[in-house]
Amino acid sequence: MDYYYKQPRYFSKFRCIGGECTESCCDGWTITWTQEELDRLNTIDCPEEFRDLIERSFSKNTKPGSDNYVVNLVNEFYAQNGELVLDERALAEGKCPFHDNETGLCLIQKNYGEKYLGSVCTQYPRRYYNRDQIYIRSCSTSCPAVVDILLKNKDAAEMETVIARDVQKLSGKSTVRDTVEAVEKSPYIKKRLEIIDFYTELFNKFDNIEDSIVLGALAAKKITDTVKTINDADNIPSILNSYKKQFSADSILDSIKGIESNYKLKFLIINNLVYQYFGTRKDYIDISMLHDGEQLIPERYLEGKAKFAKAFEGREYALRNVAINMFLDIFVQLNMTQGSFFETYSVFTAFVAVLQVFACAIGYESDDVEKKFIKITAMLNRGMSHNKERADKVLEKMKELGLTTPAHLALIIK
Ligand code: SF4
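Predicted model, so just to flag it, every value in this text is computed and none were measured.

Undergrad: I'm lost on the overall build of the protein chain in this one. Help?
TA: Along the backbone of the protein chain there are 18 helices and 10 strands. Here the protein chain holds 414 residues, and 51% of them are scored as buried. The long-range fraction of contacts in the protein chain, counting pairs at least 24 apart against all pairs at least 6 apart in sequence, stands at 76%.

Here is the structure:
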């Protein structure tokens, strides 16, 4: 029996940049190891200090139902008014104890080889989802090397289907397979492959991702209104097909293109969502230079937008490619369990809109727009794909603000 990978074109090209990476993926995350992986690590022949380090670096995972271990992250102290303090930021950004600050390399991998790493470490940022003979593979947008490829290659986010020759390697725990309970809770995932095909094709159709997202919102709303049970999910392909036909009609696209951007209102909403998402933390990105405390300063916003566009002149697909990958992060990995289909789509739209505003802030203040954009995109997505609570908070806020229809999504994305 043949197996296939459905993957964005960049997937086979992706390589971790290791020591050159500025946003090392093991910082600030819960990294889990299985008993078997830890036992294998304990077989290495190493100096006494390294054995001590291994002993100090793992704790039993206290999460209910877990039988694995977590890496004890090491906190760093930050200088504040000449004093070293262990603040909230330090706690949130603990580093993996095996991460060598000087070389940026993992000490286990560097000294003893990749075979002694846990699967979470070797697999990241790759993700796998399996249904029957198809494996969907993608890489998380939280990795700066992934963002870099997306920004440099126009066709990077187009999907391809290739024959899978090494599928036995994926039989481990790291591949997501839907359980019966998951499908009952979120019937849309029964047609995940069709959904991924539809949206990636739609988003890749135009360089301008904003119009595609609004078109996609119409289909998302219809799916939510129609699909309430597992049996209803069988209607999804025909819903998507009918929208596919409609989207080929110029009149729909013209009417979406005709929606004027109300960027002042958009900024007010996004500023609110950014606060909801990051709280008062400004170390990711500070967008306060774009407003006067209450209102947007339009000249700055527009100047930032123009400078960002200039930095990506000739690569108008840049934001589109990043948005498609964010879509894959949410719709391949998260099992869409955070709300209805339309609500999940709304959160995706909000994250892309936040990134658009970040892009304006970066354009306005940064001398190296591309480098800063890569960093911020990775940081935004690090929170998004690894913290469902935050995404839920954003959704809650969107509901509170009454952003519940495709027209509202047009308001925040246009
Ligand atoms: S974030 Fe990406 S490039 Fe950086 S260390 Fe991790 S996998 Fe490598």
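Now that the structure has been shown, the text picks up again.
Undergrad: Explanation requested: the side chain of Arg320 in the structure shown.
TA: Topologically, Arg320 is positioned in helix H14 (residues 318-333). When residues no more than four places from it in sequence are discounted, the contact partners of Arg320 are Lys154, Phe203, Asn204, Phe206, Asp207 and Ile209.

Undergrad: Sorry if this is basic, but what is going on with a negative patch on the surface here?
TA: On the surface, a cluster of negative charge is contributed by Glu48, Glu49, Asp52 and Glu55. If you trace the backbone, Glu48 turns up in helix H2 (residues 48-56). Note on Glu48: relative accessible area 56%, which makes it exposed.

Undergrad: Before we go on, may I ask you to explain the packing of helix H15 (residues 341-365) against helix H18 (residues 406-413) in this structure?
TA: Helix packing geometry: the angle between the two helix axes and the distance between the axes. It is at 9 Å that the axes of H15 and H18 come closest, and there the two elements cross at 15°. It follows that H15 is roughly parallel to H18 by the angle criterion. Along this stretch, H15 crosses H18, giving a crossing that reads as left-handed. Mapping the contact onto sequence places Phe342, Tyr345, Ser346, Thr349, Ala350, Val352, Ala353 and Gln356 in H15 and Pro406, Leu409, Ile412 and Ile413 in H18. In the contact of H15 with H18, the residues fall into 9 nonpolar, 3 polar and no charged.

Undergrad: Looking at this structure, how should I read the sheet that holds strand E9 (residues 159-164)?
TA: The strands that make up a sheet pair up through hydrogen bonds in the backbone, lying either parallel or antiparallel. In spatial order, the strands read E9-E1-E8-E7-E10; together these 5 strands make up an open sheet with mixed pairing. Since the sheet does not close on itself, it has two edges, and those belong to E9 and strand E10 (175-176), each with one partner. Pairing geometry for strand E7 (residues 126-131) and strand E8 (residues 134-139), over 6 bridges, is antiparallel. Bridged to Arg127 within E8 is Ser138. Strands in contact with helix H8 (residues 192-205) are strand E1 (3-8), E7, E8 and E9; relative to E8, the strand with the most contacts, it is inclined by about 45°.

Undergrad: Before we go on, may I ask you to explain the packing of aromatic side chains in this structure?
TA: We describe a pair of aromatic rings using the distance from one ring centre to the other and the angle between the two ring planes. Under the defined criterion, the tally for this structure stands at 26 aromatic pairs. Relative to Tyr199, the ring of Phe198 lies with its centre 4.9 Å away and its plane at 90°, an arrangement referred to as edge-to-face. For the residue pair Phe198 and Tyr199, the accessibility class agrees, reading buried in each case. Between Tyr199 and Phe341, the aromatic rings sit 6.2 Å apart at their centres with planes inclined by 35°, giving tilted as the arrangement. With a gap of 142 residues between them, Tyr199 in helix H8 and Phe341 in helix H15 connect regions that are remote in the sequence. In terms of burial, Tyr199 and Phe341 fall into one category: buried. Ring pairing ties together the aromatic residues Tyr188, Phe198, Tyr199, Phe203, Tyr243, Phe247, Phe327, Phe331, Phe341, Tyr345 and Phe348, which thus form one cluster. Over the ring of Tyr5 we find Arg137, and its NZ or CZ is 3.4 Å from the ring centre. Over the ring of Phe206 we find Lys257, and its NZ or CZ is 5.9 Å from the ring centre.

Undergrad: What exactly am I supposed to notice about the site of the ligand here?
TA: Every residue lining the ligand is accounted for by Cys16, Ile17, Cys21, Glu23, Cys25, Tyr124, Pro125, Cys143, Pro144 and Ala145. Residues that form the shell around the ligand fall into these classes: 9 nonpolar, no polar and 1 charged.

Undergrad: Which parts of the structure should I look at to understand helix H10 (residues 236-247)?
TA: Helical periodicity: at 3.6 residues per turn, an α-helix aligns residues three or four positions apart in one direction. With 12 residues, H10 should cover 16 Å at 1.5 Å per step; its first-to-last C-alpha distance of 16 Å lies within 8% of that length. Buried residues of H10: Ile236, Ile239, Leu240, Tyr243 and Phe247, and no others. Projected down its long axis, H10 shows its buried positions confined to an angular sector of 95°, all on one face. The secondary structure elements touched by the buried residues of H10 are H8 and helix H9 (209-226).

Undergrad: For this particular structure, what's the right way to read the nonpolar core?
TA: Among soluble globular proteins, nonpolar side chains are generally buried collectively. Of all hydrophobic cores here, the largest spans 122 residues; its most connected members are Tyr199, Phe203, Tyr345, Phe348 and Phe373. Per-element tally for this core: the top contributor is H15, with 17 residues. When sequence neighbours within four positions are dropped, the list of residues in contact with Tyr199 reads Gly216, Ala219, Ala220, Phe327, Phe341 and Tyr345.

Procedures and definitions
- Residues numbered from 1 in each chain as written.
- Predicted model: local features only at pLDDT ≥ 70, side-chain atom pairs only at ≥ 80, totals over all residues.
- Heavy atoms only, no water.
- Helix = DSSP H or I, 4+ residues; strand = E, 2+ residues; numbered from the N terminus.
- Buried < 20%, exposed > 50% of the residue type's maximum accessible area, 1.4 Å probe, protein only.
- Contact = heavy atoms within 4.5 Å.
- Patch = residues over 30% accessible without salt bridge, like charges linked within 9 Å, V, L, I, M, F, W, Y side chains within 5 Å.
- Areas by Shrake-Rupley, 256 points an atom, 1.4 Å probe, with all protein chains shown as cover.
- Salt bridge = Lys/Arg side-chain N within 4 Å of Asp/Glu carboxyl O.
- Lys, Arg positive; Asp, Glu negative; His and termini not counted.
- Charge placed at Lys NZ, Arg CZ, Asp CG, Glu CD.
- Axes fitted to C-alpha atoms, helices over the stretch in contact; angles between N-to-C directions.
- Parallel < 35°, antiparallel > 145°, perpendicular 65-115°, else oblique.
- Left-handed = near helix turned anticlockwise from the far one by under 90°.
- Nonpolar A, V, L, I, M, F, W, Y, C, P; charged D, E, K, R; others polar.
- Pairing = 2+ DSSP bridges.
- Phe/Tyr/Trp six-rings, centres within 6.5 Å; stacked < 30°, edge-to-face > 60°.
- Lys NZ or Arg CZ within 6 Å of the ring centre and 35° of its normal.
- Near = heavy atom within 4 Å.
- Expected span 1.5 Å × (residues − 1).
- Arc of directions from axis to C-beta.
- Core = buried A, V, L, I, M, F, W, Y, C linked by side-chain atoms within 4.5 Å.

Honestly, it's all geometry; don't read function into it.
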